[in-house]
Amino acid sequence: MKLRMLVPLHTYPDGNPDSIARLVAMYARHLQADVCALACNIDLPNPSSILGSLAINVPTMIREAKAGSRARSAALIDAMRAELDPLGIPLRTMEAERYPAEFGDVIARQARYHDIVLFGMGQRDGISRLTAEAVIFGSGRPTLLVPDSAPASPPDHVVIAWDGGSAAARAVSDAHPFLRRAGTVTIVTVAGEKPLTDDHAGERLAEYLADHDIKAQPSRLQGDDRPIANILQAHVRDVGAGLLVMGGFGHSRMRDFVLGGATRGVLEDLRVPVLVSH
C-alpha cells in the first residue's frame, strides 16, 4: 500500500532551503510514499495609506515579495523533482496564495487527504512554528517535523516518548511505518516529569508492539530541571537515534491555545526529526 506524503513548501520570509528536496526524497523512499508538494506562495495586503505608499513605494515592495515567493517555490519544486525522478517517485504539485497567517489552515485541510505531512523547519522560525502548530492540531494526520540541519539518512533507531496517554498512543499507531522499518526501537518514559498511572507503562507498550512484530526496549530517564523537550531531544542525539515519536498535547483555554510543555519545546527549538500526532 502506497502512502501519500504532503510537503508544504515555505517561501517567505526565508523559506525552505534546497536541502529539503534531499530529505523529502529520503523519507519518501524509506516509506515508499508518493509525494505532493504544496507551494505556499504569499499574498500581502495592499497598503492602507496612499501617502505611505508613495513615501516608501510599498506596492513595488509587495510585488517583488510575491514574485520572489513564487520563484522560490518553483525552484524548490524543481529541486524536488530532480531528487525524486531518478527514484521513480511520483511528484504532484499544488499551490496556494494566502497571507502567511492563513497557511496553517490551508495545509491542515489538504493534509486530511494524505497519510503524513513532512514539515521542514528552520531553527527558531516563528512563522513556521505557528503554521506547524495549526497543522498538528487541525489536520488529524501525523506531522513529521524535520529541522533543516537533519541528515538525509533513514531513521534506523526510533525513540518513542511514552507517558501512557491518548496522544502518545495515537502517535505510536501513526508511527508504525517507521517502527516496522527500524532496526532499533526504544520506549522512553521520563520519571518525575508527570505522574504515571502505570509504573510499568513502557514494558506494557513493548508487549503490545511485540504482538505487531516490532521489538522494542523500554527505558526510563530521570527528569531534571531541564525542559522535557530538551531531555527527550538530547536523549535522541545521545543514543544516535534518527527519529523521536511523541504525542502532541494542547487544549483551548478561553481564546488562547495552550500547548503542553514537550510540544511547545519541540516547536520552539526543533533539534531532531520528530513525528507528532494529536
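Residues numbered from 1 in each chain as written. Predicted model: local features only at pLDDT ≥ 70, side-chain atom pairs only at ≥ 80, totals over all residues. Heavy atoms only, no water.

Caption draft 1: Representation of a negative patch on the surface. On the surface, Glu-203, Glu-207, Asp-211 and Asp-213 cluster together into a negatively charged patch. Here Glu-203 is to be found in helix H8 (residues 201-210). Of the residues examined, Glu-203 reaches a relative accessible area of 38% and is grouped as partly exposed. (Patch = residues over 30% accessible without salt bridge, like charges linked within 9 Å, V, L, I, M, F, W, Y side chains within 5 Å. Areas by Shrake-Rupley, 256 points an atom, 1.4 Å probe, with all protein chains shown as cover. Salt bridge = Lys/Arg side-chain N within 4 Å of Asp/Glu carboxyl O. Lys, Arg positive; Asp, Glu negative; His and termini not counted. Charge placed at Lys NZ, Arg CZ, Asp CG, Glu CD. Helix = DSSP H or I, 4+ residues; strand = E, 2+ residues; numbered from the N terminus. Buried < 20%, exposed > 50% of the residue type's maximum accessible area, 1.4 Å probe, protein only.)

Caption draft 2: Representation of the confidence of the model for the protein. In this model, the protein carries a mean pLDDT of 88, and residues with pLDDT of at least 70 account for 89%. Contacts from residues 252-258, a stretch scored under 50 in pLDDT, to residues over four places away or in other chains number ten contacts. (pLDDT = per-residue confidence, 0-100. Contact = heavy atoms within 4.5 Å.)

Caption draft 3: Expanded view of the nonpolar core. Core analysis: the largest hydrophobic core is formed by 49 residues, its most contacted members being Val-35, Met-80 and Ile-160. With nine residues, the single largest contributor to this core is helix H1 (residues 19-31). Of all hydrophobic cores here, the second largest spans 41 residues; its members include Cys-40, Val-236, Ala-241 and Leu-270. (Core = buried A, V, L, I, M, F, W, Y, C linked by side-chain atoms within 4.5 Å.)

Caption draft 4: A look at the pairing of strand S7 (residues 184-191). Burial analysis of S7 places seven of its eight residues in the buried class, the great majority of the element. Across five bridges, the pairing between strand S6 (residues 157-161) and S7 is parallel. Its bridge partner being in S7, Val-158 is matched across the sheet by Val-185. (Pairing = 2+ DSSP bridges.)

Caption draft 5: Geometry of the sheet that holds S6. With respect to topology, ten strands assemble into an open sheet ordered S3-S2-S1-S4-S5-S12-S9-S6-S7-S8, the strand pairing being mixed. Every other strand in the sheet has two partners, leaving strand S3 (91-98) and strand S8 (217-222) as the edge strands with one partner each. The mean angle between the axes of side-by-side strands here comes to 25°, regardless of whether they run parallel or antiparallel. Bridge analysis of strand S1 (residues 3-10) against strand S4 (residues 116-121) gives two bridges, and the strand direction is parallel. (Axes fitted to C-alpha atoms, helices over the stretch in contact; angles between N-to-C directions.)

Caption draft 6: Inspection of the environment of Met-121 at higher detail. Its location among the elements puts Met-121 in strand S4. Taking relative accessible area as the criterion, Met-121 reaches 2% and is therefore assigned buried. With 25 residues separating them along the chain, Met-121 and Val-146 place their C-alpha atoms 6.0 Å apart.

Caption draft 7: A look at the environment of Val-276. Among the structural elements, Val-276 can be located in strand S12 (residues 274-277). Residue classification places Val-276 among the buried positions, given a relative accessible area of 2%. Between the alpha carbons of Val-276 and Pro-142 there is a distance of 5.7 Å; along the sequence they are 134 residues apart. Residues in contact with Val-276, not counting those within four places in the same chain, are Ile-136, Pro-142, Thr-143, Leu-145, Met-246, Gly-247 and Gly-248.

Caption draft 8: Focus on helix H6 (residues 166-174). Looking only at H6, the buried set comprises Ala-167, Ala-168, Ala-171 and Val-172. One face of H6 carries all of its buried residues, which in axial projection span an arc of 140°. Tucked into the core, H6 has its buried residues touching S6, helix H7 (176-181), H8, strand S9 (243-247) and S12. (Arc of directions from axis to C-beta.)

Caption draft 9: Summary view of the layout of surface pockets. Counted as a void, the second largest pocket has a volume near 160 Å³. Lining the second largest pocket are 15 residues, with Ala-150, Pro-151, Ala-241, Val-272 and Pro-273 positioned closest to its centre. Grouping the constituent residues of the lining of the second largest pocket by class yields ten nonpolar, three polar and two charged. (1 Å grid on protein atoms, 1.4 Å probe; cavity = no way out; pocket = protein on both sides within 12 Å on 5 of 7 lines; lining within 4 Å. Points joined across faces, edges and corners; volume = space filled by probe spheres on them. Nonpolar A, V, L, I, M, F, W, Y, C, P; charged D, E, K, R; others polar.)

Caption draft 10: Molecular detail of unusual backbone geometry. A cis amide bond links Tyr-12 with the next residue in sequence, Pro-13, at an omega value of 0°. If you check the backbone angles, Gln-32 has positive phi at about 55° while not being a glycine. Here Gln-32 lies in the loop between H1 and strand S2 (33-42). One non-glycine residue, Asp-213, lies in the positive phi region at around 60°. Position of Asp-213 among the secondary structure elements: in the loop between H8 and S8. For Asp-213, a relative accessible area of 74% gives the class exposed.

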